[in-house]
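# Breakdown of the fold
Each chain is listed here by its residues.
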Amino acid sequence: MALLTRALLFLALAMAAACSLQTTEIRRCSGDRECAETFGAGSQCQSGYCSVPDERVRCSSNTDCAGLQVFSTCEDSFCRRVDVPPRCALTYPADFFTNAASRQGRVVIGSVVSFLENAEERRSMEAVFRRVEERNGIEDQRFALVSCNHDPGGRAGGVDTLTERQAAQVTASFLTDTLRVPAILGPLNSDAAESVIEATRARGTVVVTPGAGSPSLALLARDGDAALTDNRPGRFWRAVPDDRVQVDALWSELSDAGITKLAIVMQESSYARDIERVMRERAPAGVEILATRFFPATGANVAARIADAARAVGDEAATVGVLFLSASAADAITFLESAGGQRRFRPQRIFLTDTAHRSFFVTEAGDAAAGLFPRVWGTRLAPPERSRLLDEYVAAYATFFPNTPDPSRAPLAARSWDAAWLVLYGGLHVLVRGDEWTPRAIAQGMRRVTRPDAAPLSIGLGDYAEARRRLVAEQPVVFRGASGLLAFAPEVQELAADEVRVEIWRPSAGEGCSGELPCFLTERVLVTPAP
C-alpha cells in the first residue's frame with residue numbers, strides 16, 4: 001500500500017509539472033538545503049519532495065515566463081530571474097517588473113534616451129502608450145514601454161561610472177538580448193544612437209530616433225548598399241531630416257554676419273565629425289576654415305581641453321566666427337565659461353547647434369558664460385507650426401503629465417510622440433497579417449504606414465479604423481502628425497520633404513529663464529531645401 005501511495009504521488013507530481021511548463025525533475029528530500037543545492041535558491045523541501053523554483057520553468061519565449069511573480073526571461077529553454085539594471089527601471093505600466101499581472105500578454109517596446117536632456121521627449125513617447133492603454137490596446141494587443149537612461153554615470157544619479165556611449169550600449173543590449181524587444185525608440189543624439197545601432201546589429205532590432213541627425217547613421221545601420229524594399233526593409237528610421245540642413249543654415253548666418261574665417265572647436269564624436277565634414281564640403285567660395293581644435297568626448301581632461309581651445313580661439317580676430325560642436329550642452333557651458341573668463345575674447349560671433357538648445361544651458365551657465373550670450377547664435381530644427389494635431393498632442397501630454405513644462409517648447413518632443421505612434425502602427429500591420437512580433441515585421445509595417453503616395457490620415461486613434469481598413473486591403477497609408485507629414489522615401493527610409501524649417505535662436509540674456517520667461521529667443525526661421 002505504501003508503495004502504491006508513493007507511486008501515485010510521483011505520478012500526480014509529474015502530471016502537474018507537465019501541465020504547467022515545469023520540468024518533470026522530481027527529487028526526494030529531507031531538508032531545504034539539498035533542494036537549493038540541486039535546483040538553486042528558491043527550491044524548498046515540501047512534503048518530502050523538492051519544489052521547483054521559477055528558474056526551472058521550461059519556456060520557448062519570454063511570453064512563457066511573463067506569469068512568474070519574479071521577473072524572468074527565457075534563456076536556454078528555462079525561465080531565469082533577471083536583475084533589472086537601475087538605468088532601465090522606469091516602465092509603463094509602472095509595475096511592469098514587479099507585478100506579473102501587469103506584464104502578461106504585452107508586447108514590450110524599449111526606449112533609450114537622456115533622462116536629463118530629453119525629459120519631455122521621453123514622456124511624449126510614454127504618452128502614446130498611455131493613450132493606447134486607455135483603448136485596451138490595438139486589436140486587443142496591449143503594450144509596455146521600458147525606458148532606459150543613457151546619461152553618463154555622473155549625471156545619472158551615480159548609478160555607475162559608464163560614459164554616455166557605454167550606457168547606450170549596455171541598456172540597448174539589455175532591451176535587445178534580455179527583453180527581446182523588436183524596436184527601440186531613441187536615442188535623440190547621434191553618438192548614443194551609433195552605440196545603440198551597433199549593440200542591436202546581431203538581432204536586427206528596429207531603431208527609431210526622433211532626433212539623431214548625423215548623415216552617417218543611415219549607412220551604419222544598413223547591410224550593404226542595395227536599395228531598401230518591402231522585402232528587404234532597413235532597421236533604422238529617424239523622424240527628423242539629417243544635420244545637413246543645419247549646416248546650410250549656419251553658412252547662411254555666417255554670410256549675413258560678414259564672417260570670412262571660421263574657427264571650429266569640436267568634440268571627438270560622430271555627431272561633431274559629421275557636421276564638421278559637411279561644413280567643409282559646403283563651404284562657400286571666399287571663406288576660410290581655420291585649424292580645427294579637438295577635445296575628447298569623455299575622460300578627466302575634457303574641461304581642461306575645452307579651456308585650452310577657448311584660449312586658442314580667443315586670440316583670433318573679431319571678424320573670425322567660432323563654431324562649437326558637441327553632443328552635450330554641458331560642454332557648451334564649459335566652453336563659454338572658459339571663454340568668458342578670459343581678459344579679452346576677441347571673436348564676436350559664437351555659433352552653436354541644436355544640442356545646446358536645452359533649458360539648463362541657460363539656467364546653469366555662470367556669469368562668465370552669460371556675459372557672452374549676446375555673441376551666441378544657434379541653429380535647430382524649428383518647432384512644428386501650430387495645428388490641430390499639435391494641440392491634441394499637447395493636451396494629451398498635459399493629461400498624463402500635469403504640472404510639467406509645455407512639451408511644445410522642447411526641441412524634439414512632438415517628433416518623439418509621432419515616432420512612437422509610427423512604431424505602434426507598424427505593429428498594427430503585424431497584427432492584421434497575423435505575423436510574429438519580429439524586428440523585420442515591424443520594419444515592414446512601418447514602410448506600409450509611411451508611404452508618400454497615400455492620402456494622409458491623422459496620427460493617433462482618430463483615423464484608426466480607416467488605417468486598419470487600408471492595411472487589410474493592402475493599400476498604402478501615411479500619417480500627418482504633430483510634427484508634420486510623416487512620409488518617408490521608401491528607397492532610403494528618410495523623411496520625404498521638399499523643404500525644412502530651421503530656427504536661428506539666441507539664449508536669453510540678463511535674468512535667465514524661469515516660469516513663462518523663455519530660455520531662448522527666436523531670431524528668425526529659415527526655409528531651406530531638404531537634403
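Conventions and cut-offs
Residues numbered from 1 in each chain as written. Predicted model: local features only at pLDDT ≥ 70, side-chain atom pairs only at ≥ 80, totals over all residues. Heavy atoms only, no water. Axes fitted to C-alpha atoms, helices over the stretch in contact; angles between N-to-C directions. Helix = DSSP H or I, 4+ residues; strand = E, 2+ residues; numbered from the N terminus. Parallel < 35°, antiparallel > 145°, perpendicular 65-115°, else oblique. Left-handed = near helix turned anticlockwise from the far one by under 90°. Contact = heavy atoms within 4.5 Å. Nonpolar A, V, L, I, M, F, W, Y, C, P; charged D, E, K, R; others polar. Buried < 20%, exposed > 50% of the residue type's maximum accessible area, 1.4 Å probe, protein only. Pairing = 2+ DSSP bridges. Right-handed = clockwise from strand over helix to strand, strands pointing away. Phe/Tyr/Trp six-rings, centres within 6.5 Å; stacked < 30°, edge-to-face > 60°. Lys NZ or Arg CZ within 6 Å of the ring centre and 35° of its normal.

### Structural notes on the packing of helix α10 (residues 302-314) against helix α11 (residues 329-340)
For the pair α10 and α11, interaxial distance at closest approach is 8 Å and the crossing angle is 50°. Put simply, α10 runs oblique to α11. Crossing angle aside, the handedness with which α10 passes α11 is right-handed. Within the contact between the two elements, α10 uses V302, A303, I306, A307, A310 and V313 and α11 uses D331, T334, F335, S338 and A339. Broken down by class, the residue content of the contact of α10 with α11 amounts to eight nonpolar, two polar and one charged.

### Thoughts on the pairing of strand β11 (residues 261-267)
With respect to burial, β11 is a largely interior element, six of its seven residues being buried. Looking at chain direction, β11 and strand β12 (residues 288-295) are connected through six bridges and run parallel. Opposite V265, over in β12, you have R293 as the bridge partner. As a crossover connection, the stretch from β11 through helix α9 (residues 270-281) into β12 is right-handed. When β11 meets strand β13 (residues 320-325), the two strands line up parallel, connected through six bridges. Residue pairing in the sheet places V265 in a bridge with F324 of β13.

### Quick word on the packing of aromatic side chains
Across all of its chains, the model carries 19 aromatic pairs by this definition. Both rings, one in W417 and one in W421, keep their centres 5.8 Å apart while their planes meet at 80°; by these two values the pair is edge-to-face. With W417 and W421 both in helix α15 (residues 413-433), this residue pair falls four residues apart, about one helical turn. For the pair shown, W417 and W421 are each scored as buried. An angle of 40° between the planes, with centres 6.5 Å apart, marks the rings of Y425 and Y464 as tilted. Taken together, the residues Y425 in helix α15 and Y464 in helix α17 (residues 464-472) connect sequence positions 39 residues apart. A residue is classified by how much of its surface remains accessible, and Y425, at 1% relative accessible area, is buried. Residue Y464 is classed as buried on the basis of its relative accessible area, which comes to 14%. Through successive ring pairs, a cluster of aromatic residues spans Y393, Y397, F401, W417, W421, Y425, Y464 and F479. A cation sits over an aromatic face here: R122 above F115, 5.7 Å from the ring centre. A cation over an aromatic ring shows up here: R506 above the ring of W377, its NZ or CZ 4.1 Å from the ring centre.

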